[in-house]
Amino acid sequence: MNVERYQQKIIKKYTKIIDEAKGTFEEIFDANFSHNKYPIVEYSEDGKIIKISYQEMKRRIVAFSYYLTNKLDNRRDLYIAINLENSPEWIMAFWGILMSGNKPYLMNLRHPDTLIKKSLNDLGVEYSVDLHEENKFGVKSVLIPEFLGEIPSDYKYEFANEIALSTSATSMEEKICFYSGKELLSQMTNIKEILKQTKEVRRTYHQTIKLLAFLPFYHIFGLITVYFWFTFFGYTIVLLKDYSPQTILSTIKKHEVTHLFAVPLLWHTIEDELVKQVKARGPEVEKKFYDGIEKSIRVQSKHPIIGPKLIKGPFKEIRSSLFGDSIQFCISGGSYLRSSSLKLMNAIGYPLYCGYGATEIGITSVELSKNIKDRLRNSVGYPLASIEYRIVDNVLVVKGESNCHKVMINGKTIKTDEYYITNDIVHQDETGRYYIDGRKSDIVIADNGENINPDVIEELFNFSSYPVNCFSILGLSKEQEKETLSIVIELKQTALKKDEEAIRSYFDSINSTLDMTQRIKNIYFTFDQIKNPAAIKVSRKYLKAHLDSGDIKLFTSIINSNEEYKQTSLTNTLIKIFAEALRMDEDKIKPDSHFLYDLNGTSLDYFTLLSMINEQFSLEIAFDVNNPLVSVSDFEKYIMENKK
Amino acid sequence: MKFISAILIPIMKVTGIPLELLFFKRKTYYQYRKMQKRTIKGGALIVSNHHSFWDYIMVFFLFFWYKVRPIVSYEIMHKNKVLTFFLRVVGAIEVSRNPLDMDYINKAVELIRKGKKVIIYPEGHFAPIGKFLPFSNSYLKIAQEANCPIIPLYTDGHYGFFKRNHVMVGTPVYASDFVSDINDKDDREQGNSRFVSNMKEMGEITEKRSKTPLFTFKMFPMDFGKVFIFAHIWPFIRVKVHNCGTRKHNTYEGPLIVSANHISFTDPIVLIKAFFYRRLHFLIAKEVYANKARNAGLNGLGGIKIDRQSFDIDAINNACDVLNKGRALLVFPEGHIIREGEIDAFKNGIAIMSAKTKTNILPIYIAKSKKWYHRHHIFVGDVVKYSPFDMKKMTSTALEVSSKIKALEKIAKDGGYLND
């Protein structure tokens, strides 16, 4: 059957199910698992692709729910935590808990252990579902057995009607949202509108639609967009083995992933890497690359149908080094996306759209315009069918049937109001599209009273060519004075005074182009981590809290911060890198030890060493036959001589 | 050199066809035919085991439409002038004599990124026939850096005018399937060993399949009988296969245990028709072997006699032999016909055979039709992967097969294919 016709048939069938459903999880489950032979998930294991069909998953869910019912002695209405990352077992545990009459708690595994323990305690969780070993959170473990056992033919089940969801790891606050089946079904009603509005979302590759499970299912963005929206129509989720960039790229190519929904961090990283690679190939290639991007945007805006196909050829090499040809539709959500990243991704032929949502309200809007110019404006589109937006004092307020019905904050359960105040500053254009300008708490008031959004200024800076881990622009006050716009730069441990000078001159070159009111007044450096290791972006709230507590120490110059900085720190860093490349104790490595003869390194270890040193010191050390660098002292000498 | 290469390579390939047909007589197998044919889209790294210099010549013809660039050592590259010229024409990448110079990795990565195909022999030396030497793991580094698929290639190294070469092209894998952090030495070593075991597995399968020729006199009664019998009963045995798993029933190659519920004497015939493209052997109870004529007929059709009263070790060994030869075996694990009622408990023999021969089990549910001449509906599920031989796990494997067949029964029931 023609794919288009088949899709229409299936969409018609399932939108009818949504319309007629009363709003129980049982209805959602029955509709979800009525696709028998199609794979629900697929993943790689030792190079082989493993697929699990909807019918097989259903069998496992029923078996697990029976196992759980017995394990809990038929107890019902308990909150049961899911201590699993994205996996077939996660799906099994989620539905299995609901089917056993209990309520799943999708705890955020990126939260610190203390916060997880606190939320488990406040919610009164007694059990958690674990995979191989018992959990460390002080609740009883229900380990998923290797073989789930037989399901008796007379087994009857009754679904619970609530799930609990913790907020994202950025804020590091205890906040749990509760959704009923009806609210979740309202979320799913929105996909009906999306499918009606745009054909782009239904684009296939080799007649299939596959989504990459980049976002965790315990996050609202992952749960709604990746899991519920697409499994409902029988599409396949591709699971990742880990989150390393190489695994992400190879999984997309190998499994021919068509849809990629991710947070801006991914798009920013891709942009930074690509820009770095293009720069390394010389100014001519760089100019050609940027010209190509402009031309691509022009072609796509003039010819929205043929344009995207035409531009694939010129960007073939870049596309093959990234995701290949299978990607058809991408959404970014979760925080502010740089306009340059949005432009780059769309220009090279990966249609990237911006969306908006929150744990309390689910996914509420997404830009779906076919016109590339609309997409590049960084708008989040119009509110979805079940949602109503209002702007009160520049802040977005959301009303909708799909909002969660109650929230637990620090142990206190609060019934949510009809309107949810998002605390996001927004504006609307003449076409009715909404634009997110930033968080209310992040806005800095300039001397002339103008509201300045640090996100917009942040996107102008790109420190990828310098030894910088990350940075943040925020309002900082000194001794109860008024907040001034400042930049905090987290340096790599190997940064030298010379690097600081290079960073300063780069910073000044960008800062001087800004309006006087928008210029950054203070520049601070730190060697301490400014980003929560579990979070995907720097949270200004987290940074401010750690600055107040003194955990993060700022300084204005490297020398000031590290007066005792000596040559030995470079030697120690190099010894550490040698030890890591050779898997050897640091004590055994002396500054003059020969890599091959004294330390028994192999040629591949040497290659690894070179790439690690290049990465760490932002250098390009190539192998020199006449004068090979073979010891710590050789490298030390070379770095001191060649560092910018 | 580019111009010379563009002219000489097609000439060498076309004029070399007779040599290929006489000297190699190559038989190519695929790990999963649907996923990997000899078409390679974009850049790729081919990783092969190494028996002799002829390995590259074989690859030269195997990937007929592509220029595959080998990575060769300095010594081979400069062995003699003819060889040097040939290797330059095919775009060989030279590995320097200096152990610290890993520039060939950068060259290979650059070529692959441009969409070229590169072949590497990580063993570095010629291994004896049937054996593997330790693999150097630089291929993982190349594949990781280039973000390209690795195509595993196994060759048995049987080259010569009176020999036949068997080759298996594996499904494309990525370095990230085996290693999480390429800079981590231990991780790299573990990934390498997993890749090597994958290659060894390919070698074992190739060996099994090479023992299954398309035509043998021994198999003649089976093939002839199948065609002769079905020529007469074909219109009456109508089979509808419902593939409920992620793969179609007719895409499985190599050894396979087909496990089904047993509702009637016609079950083997129904399944033979469903798997008509394959030689399907089946276990038959001793009682069915009544006289010499019937014995000969059943044996010829692929039957294996089994004594259900005692633990018939010979029958199990015969069945394992069949699987070791890369063929399919039909088993009814209930051990007897159950015309009405629920599916009976499964015997563990199926799990033992699966574990001993490292064969997956394909669960099948045969829905009962009202009359024997009515359409037979069979439901095919996802394979149950074999587990390592451990007597404690045998029961759970058999239970898993049984549970999957029961799930298929439910699908049949929901679809209205069961006659109550």
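Per chain, residue numbering runs from 1 following the sequence as it is written. Starting at A for chains and at 1 for ligands, labels are handed out in the order in which the entities are written. Given that this is a predicted model, residues contribute local features only at a pLDDT of at least 70 and side-chain atom pairs are listed and counted only at 80 or more, while totals for whole chains, interfaces and linings are drawn from all residues.

### So, the nonpolar core
Rule in force here: What we call a nonpolar core is a set of buried Ala, Val, Leu, Ile, Met, Phe, Trp, Tyr and Cys residues whose membership is set by joining through C-beta atoms within 7 Å. Around each residue's C-beta, the other C-beta atoms within 10 Å are counted; 20 or more make the residue buried, 12 or fewer make it exposed, and counts in between make it partly exposed. All C-beta atoms are placed from the backbone. For the domains described, the bounds stem from an automatic or database domain assignment. By definition, residue pairs are in contact when their C-beta atoms, positioned from the backbone, come within 7 Å.
Counting residues in hydrophobic clusters, the biggest one holds 123 residues, and the most contacted among them are Ile 82 and Tyr 105 of chain A. Structurally, this core is a two-domain feature, drawing no fewer than three residues from each of domain 1 (3-184) and domain 2 (189-395 + 418-440) of chain A. Non-local contacts of Ile 82 of chain A, meaning those with residues more than four positions away in its chain, are made with Trp 90, Ala 93, Phe 94, Pro 104, Tyr 105, Leu 106, Met 107, Val 129 and Tyr 218 of chain A. Grouped together as the second largest cluster of nonpolar side chains are 75 residues, Ala 581 of chain A together with Val 95, Ala 108 and Val 179 of chain B included.

### Quick look at the confidence of the model for chain B
Put simply, the rule reads: A score from 0 to 100, pLDDT tells how confident the predictor is in each residue.
Scored by pLDDT, chain B has a mean of 86; 99% of the residues are at 70 or more. Both scores are available for the predicted complex, with the pTM at 0.81 and the ipTM at 0.76.

### Re the interface of chain B and chain A
Here is the rule we go by: By definition, any uninterrupted DSSP run of H or I lasting at least four residues is a helix, any uninterrupted run of E lasting at least two residues is a strand, and each is numbered from the N terminus. By the convention adopted, Pro, Cys, Tyr, Trp, Phe, Met, Ile, Leu, Val and Ala count as nonpolar, Lys, Arg, Asp and Glu as charged, and the other residues, Gly among them, as polar.
Taken residue by residue, the interface counts 41 residues in chain B and 37 residues in chain A. Of all the secondary-structure elements, those providing two or more residues to the side of chain B that touches chain A are helix 6 (103-113), helix 7 (138-146), helix 8 (185-210) and helix 14 (391-414) of chain B. Grouping the constituent residues of the side of chain B that touches chain A by class yields 13 nonpolar, 17 polar and 11 charged.

### What to know about helix 20 (residues 603-617) of chain A
Since the α-helix packs 3.6 residues into each turn, any two residues three or four apart lie on the same face. All names here are of chain A. Basically, it comes down to this: Expected helix span is taken as 1.5 Å per residue step, with the number of steps being one fewer than the number of residues.
The terminal C-alpha atoms of helix 20 lie 21 Å apart, and with 15 residues this matches the ideal 21 Å at 1.5 Å per residue to within 8%. Within helix 20 the residues assigned to the buried category are Leu 604, Asp 605, Tyr 606, Phe 607, Thr 608, Leu 609, Leu 610, Ile 613 and Phe 617. Ser 618, located one to two residues past helix 20, shows a positive phi value of around 50 degrees.

### Quick notes on the domain arrangement of chain B
All names here are of chain B. Taken domain by domain, chain B comprises domain 1 (2-210) and domain 2 (220-414). The C-alpha centroid of domain 2 is placed 39 Å from the C-alpha centroid of domain 1. In this assembly, 5 residues from domain 1 lie in contact with 7 residues from domain 2. Among the residues making up the side of domain 1 that touches domain 2, the classes are represented as 1 nonpolar, no polar and 4 charged.

### Quick look at the pairing of strand 3 (residues 79-82) of chain A
Residue and element names in this part refer to chain A. Applicable threshold: Pairing between strands is defined by DSSP: at least two bridges between them are needed. Crossover handedness is defined by viewing with both strands directed away from the observer: a clockwise path from the first strand over the helix to the second marks the crossover as right-handed.
The alternating pattern of strand 3 places Tyr 79 and Ala 81 and Ile 80 and Ile 82 on opposite faces, both of which are buried. The pairing of strand 3 with strand 4 (residues 103-106) spans 3 bridges and is classified as parallel. Its bridge partner being in strand 4, Ile 80 is matched across the sheet by Pro 104. Taken together, strand 3, helix 4 (residues 88-99) and strand 4 form a β-α-β motif whose crossover is right-handed. Sheet topology note: the strand 3/strand 5 (residues 127-130) ladder contains 3 bridges and is parallel. Each residue of the ladder has a partner; that of Ala 81, found in strand 5, is Ser 128.

### Comments concerning the sheet that holds strand 17 (residues 395-400) of chain A
Residues and elements named next belong to chain A. Basically, it comes down to this: Helix axes use the C-alpha atoms of the stretch in contact, all axes being lines fitted to C-alpha atoms, and the angles between their N-to-C directions lie in the range 0 to 180 degrees.
Strand order in the open sheet formed by 4 strands is 16-17-20-21, with antiparallel pairing between adjacent strands. Pairing within the sheet leaves two strands with one partner each, and these edge strands are strand 16 (387-392) and strand 21 (434-439). In this sheet, adjacent strand axes meet at a mean angle of 50 degrees when their direction is disregarded. Summarising the sheet, strand 17 and strand 20 (residues 419-428) pair through 4 bridges and their orientation is antiparallel. Among the inter-strand pairings, Val 397 is bridged to a residue of strand 20, identified as Ile 421.

### Remarks on the sheet that holds strand 12 (residues 329-332) of chain A
Residue and element names in this part refer to chain A. Taken together, 9 strands build an open sheet; the order of strands is 2-1-10-9-11-12-13-14-15 and the sheet is mixed. Looking at strand neighbours, the two that pair on one side only are strand 2 (48-53) and strand 15 (382-383), the edges of this open sheet. When strand 12 meets strand 13 (residues 352-358), the two strands line up parallel, connected through 3 bridges. Residue pairing across strands places Ser 332 opposite Cys 354, the latter belonging to strand 13.

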